[in-house]
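Architecture and fold: a report
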There are 4 protein chains.
Amino acid sequence: MIKVGIVGATGYTGVELLRLLVPHPEVEVTVVTSRKEAGRRVDDLFPNLRGYISQEFSIPDNAPLNECDLVFFATPNGTAMKLVPGLLEQGVRVIDLAADFRIKDTEVWSDWYGLEHACPELLAEAVYGLPELNRAAISQARLIANPGCYPTATTLGLLPLVREDGLIDRSHIIADCKSGVSGAGRKAQVGTLFSEAEENFKAYGVAGHRHLPEIRQTMELATGEPVGLTFVPHLTPMIRGIHATLYLRLQKREIDLQALFEEAYASEPFVDVLPEGFHPETRSVRGGNTCRIAVHRPQGGDTAVVLSVIDNLVKGAAGQAVQNMNIMFGLNEKLGLSLPALLP
Amino acid sequence: MIKVGIVGATGYTGVELLRLLVPHPEVEVTVVTSRKEAGRRVDDLFPNLRGYISQEFSIPDNAPLNECDLVFFATPNGTAMKLVPGLLEQGVRVIDLAADFRIKDTEVWSDWYGLEHACPELLAEAVYGLPELNRAAISQARLIANPGCYPTATTLGLLPLVREDGLIDRSHIIADCKSGVSGAGRKAQVGTLFSEAEENFKAYGVAGHRHLPEIRQTMELATGEPVGLTFVPHLTPMIRGIHATLYLRLQKREIDLQALFEEAYASEPFVDVLPEGFHPETRSVRGGNTCRIAVHRPQGGDTAVVLSVIDNLVKGAAGQAVQNMNIMFGLNEKLGLSLPALLP
Amino acid sequence: MIKVGIVGATGYTGVELLRLLVPHPEVEVTVVTSRKEAGRRVDDLFPNLRGYISQEFSIPDNAPLNECDLVFFATPNGTAMKLVPGLLEQGVRVIDLAADFRIKDTEVWSDWYGLEHACPELLAEAVYGLPELNRAAISQARLIANPGCYPTATTLGLLPLVREDGLIDRSHIIADCKSGVSGAGRKAQVGTLFSEAEENFKAYGVAGHRHLPEIRQTMELATGEPVGLTFVPHLTPMIRGIHATLYLRLQKREIDLQALFEEAYASEPFVDVLPEGFHPETRSVRGGNTCRIAVHRPQGGDTAVVLSVIDNLVKGAAGQAVQNMNIMFGLNEKLGLSLPALLP
Amino acid sequence: MIKVGIVGATGYTGVELLRLLVPHPEVEVTVVTSRKEAGRRVDDLFPNLRGYISQEFSIPDNAPLNECDLVFFATPNGTAMKLVPGLLEQGVRVIDLAADFRIKDTEVWSDWYGLEHACPELLAEAVYGLPELNRAAISQARLIANPGCYPTATTLGLLPLVREDGLIDRSHIIADCKSGVSGAGRKAQVGTLFSEAEENFKAYGVAGHRHLPEIRQTMELATGEPVGLTFVPHLTPMIRGIHATLYLRLQKREIDLQALFEEAYASEPFVDVLPEGFHPETRSVRGGNTCRIAVHRPQGGDTAVVLSVIDNLVKGAAGQAVQNMNIMFGLNEKLGLSLPALLP
């Protein structure tokens, strides 16, 4: 059994980690921390867990995290980087679900996150935890930077087209992304109140969103050249789900896009390329770890349209973290992640 | 492995049965029928099942239902009663998720359902599949009448109070129930369109709803006397969930209601009595087979208020059917039903 | 033109007041205050008002409220009572949309609101602003206590039955009420986040809610005797709307309930008694000032079921306040309130 | 008073027309037809209109449409074209809210709508009813083709950029559009059931949607040259609202986009250009006839991002039709359309 700790388990990625880990056959959740809710039973805050967990939240400082085999950080940005060096030293492996280790360039990181990095020496070692890209490195890693939700949906949709030399115009890629409201977290704030977000649709952060440099970094590492990306996130009135609609201009017209995608993901357990002409729905992945993708070429023109959906809390956060854990510990990659999505 | 057939699998109880049965370790789904969708792949209609099932819908007439160990009927009312006698004769067991075998009195049944019963001789044998009431009989049954969604939430909330002689006024019980829209099924109709049901709340069927005689029958069998019940269903703008708010007038004031409920359900795997003062939320059971109940006595007066929540598609339909199957086949009652609800 | 001030205009009743008052032909909104948003343009916070209002929020202390003919308080409970005496002295009339002047008995008020009352001497003078009950007094009033949202829907549904001597059992009245989330206000809090309230239904405050003494007071003033009321509020996943389902036990069986209600409200411009057998929907009053009511008697038994719907922000708050203003200033009662509800 | 008839008033554009026309000070609604609901009171189907209209639906064949000054068609595509020639002959003016007269080229029309046109001779005369483009022609017109919902939001967002020679790459324009579910109408169908559309986001019609040729036609008439447009519609779980996100590649970098838009719409009563950096929300136009637009240029690059929102039932259908009526009959263009949107 893998002894697991979760730091900062009162948010939506925290409760989702618990939902997936508590019944996981190879995991024992030994520590669940929250500074704010310390002393309260976990299932008092999250009644869906009544009957599954009897622990209380503990204060991170006192919690025996060093006795864990693996610690997940489901904390706000800037928290994990303070604790990770100490844990690694004691032989504890770490998966950070926040952004502390996602960006390789500390200057870029500081620009977008407004903080100085506390352990820049670990950035080179940290593995970007997208199994479809980095499976081998993940299996050897001590420290995983679990990807953001938008970057997961977007990157899986872009990669097969972008990494092919000369296939598309890399200077002009559009990612029009729509997210459910749970992506904004479980923090008290006016903007995500029910009466503000229900029956409403809006774009936000058009001037620049933190997931832009993350996606761009992956594209540039994959191609070795600068990539021009316009990324516009939108808030849509549902709890879970991300839908990325990606527009790329084809430079080569003789290409079977459907075959390209099917081959790219033929052996991937959690990427499902839909048949030609289909449109993926976010509800088809609700609660599941799958990314479903369709590729279109309207009117046979020079624009490729890729549609990519995930559950932002699963493949976009907690599920991908468990997938990474399975790989790191040599387990079946699908363990604890193999159930169908909840539809309707 | 239990060979299972599902008749009429294109509705919400059908897809929910599939979601629960496909990963069930002791079940093999061998036949999935639909007259309307015959020849179409099941996962084409329900993309959440892509990767889990490769069958097509077959026409019920041609399907080898007689080779199954168990057949679930997820059909409209009046369908199962035509096929069940033949199946039972061939040694196939049956769980009917519709109403054909729920009412013992054929006249009452005909009054409420507007049909003549096709096999009244089976009504005495049919077991009302509420495990908390009839577990022993279920374990021996050939034919299960799976309870309705409102009756499940309401009956579990009422029973501990109603069956106690002299505790409450049995002539004046109020069941104010609220259901998510999936309870109305996956049939094309104006009244349950998104733009009709969203941002709207209404009562319906106040003059009389088919679940009224079903609840009343259970109460009268449990008490041996007539019971006065007012049942008002409401439609609430969410997909899944039933919330029953039950009002009973106490005739005996010296009673510890909390203890009464905790004892009543102490050994039940799928009924969770909440601590004093709590309010159950429907989302705490979304996708799960649990019924959560709280009992209150506002201002210490003579009115008991019971709050009871279920997922109408799980404990109110497909999950309870699987629970019944587990009992009928001597399996662990929780098999395939043991995962936490999806929250948020 | 009536010069109007609004104190505390950043909440949902505030913006709703503005929506109704800005196009009102006899009103000039001269002051809009908010301590928190002082200096910000009103239409920057509420973009639906762009093109309708060019003012900024001002600090209440500096605002020339004493130059207004009428001041609306859309503030948290406990604020109005501090400013009202000074305004009345200067000849300004006041409509308080909070609870400061709703309860006649200061002890009861302090028990439920946890504050000492700042001007108990005004409680006798304050008129409870339910026009259907107190129209004459409202027309003469300096100070109006605008009713709560639940009390408006519930009281209008109960009154015709409760005030009739010997008609119903006054010791056992059930009010099962359901509210949209906007009733909880525009305050940053976890419980009303979109991802908490969407796809969820729950009761709350079963032990006791502040609207209970308010409803009971009206019933007792109308009947001159104690009334036994059980009031259970629920949160339903929609923005606007209240649905009250009221259960009363009839003591007299020879009674035409439909006629009773039609006569009671025959001359009321904002109460619509539906034809026999109808069920009112909250969406039929969305954005409108109407209360729609239906009365049922299931199976001809001894239980009367009344269904009453309002828009909690209009007839349950801002619309009723404007109706009261129209009456106070001798205008047509429907002025500025005469448009159909928004459906769908 | 303008005598108005509405043909096919049982859908969402029909009830929205009634909501706007019934209180309109210069309109008398004399005929409301529906083949299916003939004989039923209008306010029985749409209870928000109780107290505002006392008519019944009549059968179109028998209705005295020829006595109207103006007839609105809120019918399915292909209906208006059969009746319009007769009405025009009798001096009745017509606004068609369907697509029968939107496309000038009958071959293109037949390709996309699958019908032969019944009166191609009227296509040249029919005026495309976008007041911001064709106000003068509308004021003289007998026959208006009221624009589609997507085309309204998209065209108003694109025009200022597209018509400027050399400003953007006209061969590669992206319109990523999101619509509320009411856009799909009030027809019984599985795909728009609450339980299918709630908590779900998906693209549809990527291969080609009927609004594509409509938008393209307007762009090509405005520029005199072919335009390359990729149009991807999406369904978002809300009732009302369209959000168009438009991506255009700038060819000229020295351009003040904010000034360009502000000047383009300076005198338009129903187009609101937001200040720099703002993001329009669909709820800010709910129930109102305004189109709100913002223009961005992320990171100062060569991609312009335009955000454009409307209420699909108002500016995208019934409100724009009333605006056209006002222009046609020489009334104040804002008459009956001047109230703020409903927020929240």
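None of these values were measured; they are calculated from a predicted model. (Residues numbered from 1 in each chain as written. Chains lettered and ligands numbered in written order. Predicted model: local features only at pLDDT ≥ 70, side-chain atom pairs only at ≥ 80, totals over all residues. Heavy atoms only, no water.)

**Re the overall build of chain A**
Condition: By definition, any uninterrupted DSSP run of H or I lasting at least four residues is a helix, any uninterrupted run of E lasting at least two residues is a strand, and each is numbered from the N terminus. The globule rule used for comparison is 2.2 Å times the number of residues to the exponent 0.38, while the radius of gyration itself is calculated over C-alpha atoms. Only protein chains enter the calculation, and the probe is 1.4 Å; a residue is then buried if its accessible area is under 20% of its type maximum, exposed if over 50%, and partly exposed in between. Residue contacts are defined here by distance: any two heavy atoms, one from each residue, within 4.5 Å place the two residues in contact.
Helix and strand content of chain A: 10 helices and 13 strands. The C-alpha atoms of chain A give 20 Å as radius of gyration, which agrees with the globular expectation for 344 residues (20 Å, within 12%). Along the three orthogonal principal directions, the C-alpha set of chain A runs to about 60 × 45 × 40 Å. Looking at chain A as a whole, 64% of its 344 residues qualify as buried. If you take every contact in chain A between residues at least 6 apart in sequence, the share linking residues at least 24 apart comes to 70%.

**Description of the interface of chain A and chain D**
To keep it simple, the criterion reads: Throughout, the accessible surface (probe 1.4 Å) given up by two parts as they are put together, summed over both, is called the buried area. Only one rule defines a salt bridge in this text: a Lys or Arg side-chain nitrogen within 4 Å of an Asp or Glu carboxyl oxygen. The definition of a polar contact used here is a pair of N or O atoms within 3.5 Å, where within protein one atom must be able to donate a hydrogen and the other to accept one, and adjacent residues in sequence count solely through side-chain atom pairs. In the scheme used here, Gly and all other residues not listed as nonpolar or charged are polar, with Ala, Val, Leu, Ile, Met, Phe, Trp, Tyr, Cys and Pro taken as nonpolar and Asp, Glu, Lys and Arg as charged.
Listed by partner, the interface residues are 46 residues for chain A and 46 residues for chain D. By the criterion of area lost to chain D, the three top residues of chain A are H172, E199 and F201 of chain A, representing 17% of everything that side buries. At the junction of chain A and chain D, the tally comes to 6 salt bridges. Close ionic contact of E196 of chain A with R283 of chain D constitutes a salt bridge, the shortest N to O distance being 2.6 Å. At the boundary of chain A with chain D, the tally comes to 33 residue pairs in polar contact (both at pLDDT 80 or more). Taken together, the elements giving at least two residues each to the side of chain A that touches chain D come down to strand 7 (173-179), helix 7 (194-197), strand 8 (202-203), strand 9 (229-235), strand 10 (242-249) and strand 13 (303-310) of chain A. Within the side of chain A that touches chain D, the residues separate by chemical class into 18 nonpolar, 16 polar and 12 charged.

**Some thoughts on the relation of the copies chain A and chain D**
Using the following cut-off: In this comparison the copies share one frame, found by least squares on the C-alpha atoms of residues holding pLDDT of at least 70 in both.
For the pair chain A and chain D, the relating rotation is 180°, the translation along its axis is 0.0 Å, and the fit reaches an RMSD of 0.0 Å. Taken together, the rotation and translation describe the operation of a two-fold axis. Scanning chain A for the C-alpha nearest the rotation axis identifies P237 of chain A, at a separation of 3.1 Å. A share of 100% of interface residues in chain A that are also interface residues in chain D marks the association as one of identical surfaces.

**Describing the nonpolar core**
All names here are of chain B. Rule in force here: The set of buried Ala, Val, Leu, Ile, Met, Phe, Trp, Tyr and Cys residues whose side-chain atoms join them within 4.5 Å is what this entry labels a nonpolar core.
Counting 43 residues, the largest nonpolar core has V4, L17, L18, L21, F72, I95 and M325 as its most contacted members. Of all the secondary structure elements, the ones that give two or more residues to this core are strand 1 (2-7), helix 1 (12-21), strand 2 (27-33), helix 2 (42-45), strand 3 (70-73) and helix 10 (314-328). Per-element accounting of this core gives the leading share, 7 residues, to helix 10. Leaving out residues up to four positions away in the same chain, V4 has contacts with L21, V27, E28, V29, T30, V31, C68, L70, F72 and M325.

**Structural notes on the pattern of salt bridges**
For the structure shown, the criterion picks out 92 salt bridges over all chains. In this structure, the salt-bridge partner of K178 of chain D is D176 of chain A, at a minimum N-O distance of 3.1 Å. With K178 of chain D in strand 7 (residues 173-179) and D176 of chain A in strand 7, the pair connects residues from two separate chains. Residue K178 of chain D shares its accessibility class with D176 of chain A, and that shared class is buried. Between D302 of chain C and R249 of chain C there is a salt bridge, with its nearest N and O atoms 3.1 Å apart. Within this pair, whereas D302 of chain C is found in the loop between strand 12 (291-296) and strand 13 (303-310), its partner R249 of chain C is found in strand 10 (residues 242-249), the two being separated by 53 residues in sequence. Sharing partners across several salt bridges, the network here consists of E16, R19, R240 and D311 of chain A.

**Notes on the interface of chain B and chain A**
With 35 residues of chain B in contact, the opposing surface of chain A contributes 35 residues. Each partner contributes to the roughly 3000 Å² buried at the junction of chain B and chain A, and carbon and sulfur atoms together form 62% of this total. Interface area lost by chain B to chain A is led by R50, L342 and P344 of chain B, which between them contribute 22%. Salt-bridge contacts for D272 of chain B lead to R50 of chain A; the nearest nitrogen and oxygen are separated by 2.6 Å. Connecting chain B to chain A are 14 residue pairs in polar contact (both at pLDDT 80 or more). Only helix 1 and strand 11 (271-273) of chain B provide two or more residues apiece to the side of chain B that touches chain A. Per-element tally for the side of chain B that touches chain A: the top contributor is helix 1 of chain B, with 4 residues.

**Observations concerning the environment of L193 of chain D**
The residue L193 of chain D is located in the loop between strand 7 and helix 7 (194-197) in this model. The residues touching L193 of chain D, leaving out its near neighbours within four places in the chain, are Y12, G185, R186, K187, Q189, T192, L193 and F194 of chain B.

**With respect to helix 3 (residues 80-89) of chain B**
Residue and element names in this part refer to chain B. Rules: Here the arc refers to the directions that run from the helix axis out to each C-beta atom.
The complete set of buried residues in helix 3 reads A80, M81, V84, L87 and L88. Taken around the axis of helix 3, the buried residues stretch over an arc of 120°, which confines them to a single face. Facing away from the buried side of helix 3 by more than 90 degrees, the exposed set consists of K82 and E89. Elements in contact with the buried residues of helix 3: strand 3, strand 4 (93-96), helix 4 (106-113) and strand 6 (143-145). Downstream of helix 3 by one or two residues, G91 has phi in the positive range, about 85°.

**Details of the environment of H279 of chain B**
Counting through the fold element by element, H279 of chain B comes out in the loop between strand 11 and strand 12 (291-296). Spatially, the C-alpha atom of H279 of chain B lies 9.2 Å from that of R292 of chain B, the residues being 13 residues apart in sequence. With sequence-adjacent residues up to four places away left out, H279 of chain B is seen in contact with L274, H296 and L307 of chain B together with A203, Y204, G205 and V206 of chain C. There is a polar contact of 3.3 Å between the side chain of H279 of chain B and the backbone nitrogen of V206 of chain C.

**Points about the relation of the copies chain B and chain A**
Between chain B and chain A, which share one sequence, the superposing operator has a rotation angle of 180° and an axial displacement of 0.0 Å; the RMSD is 0.0 Å. Both copies contact each other with a shared surface, as 100% of the interface residues of chain B are interface residues in chain A too.

**A look at the confidence of the model for chain A**
Which entries qualify depends on this criterion: The predictor attaches a confidence to each residue, and that confidence, scored 0 to 100, is pLDDT.
Mean pLDDT for chain A: 97, with 100% of residues reaching 70 or above. In the predicted assembly, ipTM is 0.97 and pTM is 0.98.

**Quick word on the sheet that holds strand 4 (residues 93-96) of chain D**
Residue and element names in this part refer to chain D. The criterion, for reference: A pair of strands is considered paired only if DSSP assigns at least 2 bridges between the two. The axes used here are C-alpha line fits, helices contributing only the stretch in contact, and every angle between their N-to-C directions lies in the interval 0 to 180 degrees.
The strand order across the open sheet built from 6 strands is 2-1-3-4-6-5, with neighbouring strands paired in parallel fashion. Of all strands in the sheet, those bounded by a partner on one side alone are strand 2 (27-33) and strand 5 (127-128). Bridge analysis of strand 1 (residues 2-7) against strand 2 gives 6 bridges, and the strand direction is parallel. What sits directly across from G5, in strand 2, is V31. Packing against the sheet, helix 10 (residues 314-328) makes contact with strand 1, strand 2, strand 3 (70-73), strand 4 and strand 6 (143-145), and its axis sits at approximately 155° to strand 4.

**A look at the domain arrangement of chain A**
Residues and elements named next belong to chain A. Applied cut-off: Delimitation of the domains relies on an automatic or database domain assignment.
The domain architecture assigned to chain A consists of domain 1 (2-125) and domain 2 (150-312). Relative placement of domain 1 and domain 2: their C-alpha centres are 27 Å apart. Roughly 1200 Å² is buried in total at the junction of domain 1 and domain 2, and carbon and sulfur atoms are behind 53% of that figure. Broken down residue by residue, the surface that domain 1 buries against domain 2 is led by Y12, R102 and W112, which jointly contribute 49%. Put simply, domain 1 and domain 2 have 2 salt bridges between them. Summed over the shared surface of domain 1 and domain 2, the number is 7 residue pairs in polar contact (both at pLDDT 80 or more). Here the side of domain 1 that touches domain 2 is built from residues that sort into 7 nonpolar, 3 polar and 5 charged.

**Points about the pairing of strand 2 (residues 27-33) of chain C**
The line we're drawing: The handedness of a crossover follows from its direction of travel: if, with the strands pointing away from the viewer, the path from the first strand over the helix to the second runs clockwise, the crossover is right-handed.
Most of strand 2 of chain C sits out of view: 5 of its 7 residues are buried. For the crossover that starts at strand 1 (residues 2-7) of chain C, traverses helix 1 (residues 12-21) of chain C and ends in the parallel strand 2 of chain C, the hand is right-handed.

**Looking at the sheet that holds strand 10 of chain A**
For sheets, the rule is that strands pair by backbone hydrogen bonds, running either parallel or antiparallel. Residue and element names in this part refer to chain A. Here we have 7 strands laid out as an open sheet, ordered 8-9-7-10-13-12-11, and mixed in their pairing. Among the strands making up the open sheet, the edge pair consists of strand 8 and strand 11 (271-273). Sheet analysis places strand 8 next to strand 9, joined by 2 bridges and oriented antiparallel. Bridging across to strand 9, K202 finds its partner in L235.

**Details of the pairing of strand 10 (residues 242-249) of chain D**
A regular strand places its side chains on the two faces of the sheet in alternate fashion. All names here are of chain D. With 8 of 8 residues buried, strand 10 is to be regarded as a mostly interior element. Neither face of strand 10 is left uncovered, since the one carrying I242, A244, L246 and L248 and the one carrying H243, T245, Y247 and R249 both have all their residues buried. Pairing analysis gives 6 bridges linking strand 7 to strand 10, with the strands arranged antiparallel. When the bridges of strand 10 are listed, A175 appears paired with L246. Sheet analysis places strand 10 next to strand 13 (residues 303-310), joined by 8 bridges and oriented antiparallel. Across the sheet, the residue bridging to A244 is S308, located in strand 13.

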